[in-house]
Structure formats: structure tokens, C-alpha cells
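Each chain, letter by letter, is given below.
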Amino acid sequence: MTNQNNFWDTISNEKPVRLFLPIINKDDRLLLQCIIKKGKGNHFNLLFQQGTLPVNKIDTNTSCLVSLDNGGKSVSIECKIIQIINNQTLEMVLQKTICHEQKRKFFRVDCTLPIIISSIIPDSFGSSDDNWKISGTTTDLSGSGLRASLSKEPPENTQVRLELALPNTEPTIVKTLAFPVRISQLTEKLWDAAYQFDHIEDEDQDAIVGCCLVEQRRLLRLKVEVEVEVEELEEVEEEN
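Quick summary incoming for the structure in this document. (Residues numbered from 1 in each chain as written. Predicted model: local features only at pLDDT ≥ 70, side-chain atom pairs only at ≥ 80, totals over all residues. Heavy atoms only, no water.)

1. Describing the side chain of Asp59
Within the fold, Asp59 resides in the loop between strand S3 (43-47) and strand S4 (64-70). As a buried residue without a salt bridge, Asp59 has its nearest oppositely charged side chain in Lys80, at a separation of 6.8 Å. From its side chain, Asp59 meets the backbone nitrogen of Asn61 in a polar contact 3.1 Å long. At a separation of 2.7 Å, a polar atom in the side chain of Asp59 contacts the side chain of Thr62. Here Asp59 is in contact with Pro22, Ile23 and Ile24, once residues within four sequence places are set aside. (Helix = DSSP H or I, 4+ residues; strand = E, 2+ residues; numbered from the N terminus. Buried < 20%, exposed > 50% of the residue type's maximum accessible area, 1.4 Å probe, protein only. Lys, Arg positive; Asp, Glu negative; His and termini not counted. Salt bridge = Lys/Arg side-chain N within 4 Å of Asp/Glu carboxyl O. Polar contact = N/O pair within 3.5 Å; in protein donor to acceptor, adjacent residues only side chain to side chain. Contact = heavy atoms within 4.5 Å.)

Right, dumping it as C-alpha cells:
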């Protein structure tokens, strides 16, 4: 527990993170962006924009997963919901942390975009087992690779074709060859996978970096907006 507490102390306070939220009677988890605000010991709050937290659908009896970047390292936090506060805040307690080593060539941002990974073997070749395809969503993105949430287990030590949809004015589909850096099973039906780009065109890489810059600015605005909303709500509650 001492090492975990020391590691928890290194995690920055009041920064954007991703929450895999368990939903009642659902196998899949809802991916939400929020702000972490550390409290005493292993306790912390997660702050959400107004209207984004599905309060009546949350499975409070199941552990949650929080994903964040901490000093260039990808970290997953398993935690428990203590209580729901004012429809915009979850009070949490840390259960354990998992640090995922990753090499970084480009800055990385939290970003939720649809992706498809598939076999590099063309459909007209190989057996049916060779022609597989898995869809998912990114959890963070950089010019050199990405991290994704997948509902099926992807193959290990296997180069894949990766398609990524960028939310530009005109939607852009980036196609690359990628190799898995790490694959972890988080729950029975949820896998976390990090991929590095083996081959990507310069214009596609530039498009990804541009998308990351836009998302970085949006997350900074989100942090300010959420903190202001929560402060205003706390003031109203104190007055009442």
C-alpha cells in the first residue's frame, strides 16, 4: 500500500481524465470525460459538466476505471463510488493503480474517436479466421500512436491495419499500419490496447497532430467550465 500511496501522490490534481462508468444492466461501460479533484488519503472527486452524468443509470455496486496520463505514463485507476453529489460530482475511493509504460514521440491528448483494426491479410486471401475486424474507440491519441478501448480481444504481437475517423470540417479517415505496444484486459468484455504507427503518410500524421491540438484546447476550456459550474452549485447549496 505504501508504494501505491506514493504513486498516487505523484498524480496531478484537477486535470482532465477519462472514466469508464458502469451502467445498470449493461455489459459495456460509458466513457465520459471529467476532472479529477484529489481529497484526503485515497479519496477524490470526479467533476462533470452539467447534464453529462446519467445519475439514475449508474451501477454504484461495480468498480470504476479511471484512465489518465501522468508525466508521460498511461495510468489506469480502479476505484469505487462512495456517493453521487449534486448530479455533477462522484465521490470516489482509490482501490488500485496500474501504470502502463509507453514511449512518446508526440504529445498525447485524451480523445474519443471511432477506430477499426483489422487483419493485414486481404479479404480474398487466407481463411475466415485470418479476415477479422474489431471496432472500438480511442482513449488517447498522438501523432505516433494511440490507445483504444475495445470490446473484443485483439491479437498480440501482430501488425494490424488501423482506420481512424478524425472529426474535421470534412470527416477524414486516416489509414495506417500499426503494431500493439500493450494489450490489457480490464473487465470481462473490455480490453485496453496501445498501438504505435508503423507506417503513416505525412499528411495523415499532420492531420492527427492538428486534431490533438484542437482537442487539447477543448479540454482546457472544459476544465475551467466544470470548475466554475461546481463552485456556483456549491455556493447555492451553502446559501440554502
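2. Considering the pairing of strand S2 (residues 29-38)
Where strand S1 (residues 15-22) meets S2, eight bridges bridge the pair, whose relative direction is antiparallel. The residue bridging Arg18 from the neighbouring strand is Gln33, located in S2. Taken together, the four bridges between S2 and S3 define a ladder with antiparallel strand orientation. The residue bridging Ile36 from the neighbouring strand is Leu46, located in S3. (Pairing = 2+ DSSP bridges.)

3. A look at the side chain of Thr89
Inspection of the secondary structure puts Thr89 in strand S6 (residues 89-100). Here Thr89 falls in the buried class, since its relative accessible area comes to 3%. At 3.4 Å, the side chain of Thr89 and the side chain of Asn86 are in polar contact. Excluding residues that lie within four positions of it along the chain, Thr89 makes contacts with Asn45, Leu46, Leu47, Leu53, Gln83, Ile84 and Val230.

4. Remarks on the pairing of strand S10 (residues 145-150)
For S10, the buried fraction is high: six of the six residues fall into the buried class. A two-sided burial pattern is seen for S10, the buried positions comprising Gly145, Arg147 and Ser149 on one face and Leu146, Ala148 and Leu150 on the other. As paired strands, strand S9 (residues 133-141) and S10 are joined by five bridges and run antiparallel to one another. From the neighbouring strand, Asp140 faces S10, where its bridge partner is Arg147. Linking S9 back to S10 in an antiparallel pair, the connection comprises three residues. Of the pairings in the sheet, the one linking S10 to strand S13 (residues 190-199) comprises six bridges and is antiparallel in character. Paired with Gly145 across the bridge in S13 is Gln196.

5. Re the pattern of salt bridges
Evaluated as defined, the whole model comprises eight salt bridges. Ionic pairing is found between Lys96 and Glu78, a salt bridge with its closest N-O pair at 3.7 Å. Residue Lys96 is found in strand S6, and its partner Glu78 is found in strand S5 (residues 73-85); the two are separated by 18 residues along the sequence. The class for Glu78 is partly exposed, based on a relative accessible area of 24%. Asp140 is the salt-bridge partner of Arg108, the closest N and O atoms lying 2.9 Å from each other. Within this pair, whereas Arg108 is found in the loop between S6 and strand S7 (109-110), its partner Asp140 is found in strand S9, the two being separated by 32 residues in sequence. Under the relative-accessibility criterion, Asp140 is labelled buried at 3%. What emerges from the salt-bridge pattern is a single network uniting Arg18, Arg108, Asp110, Asp140, Arg147, Arg182 and Asp192.

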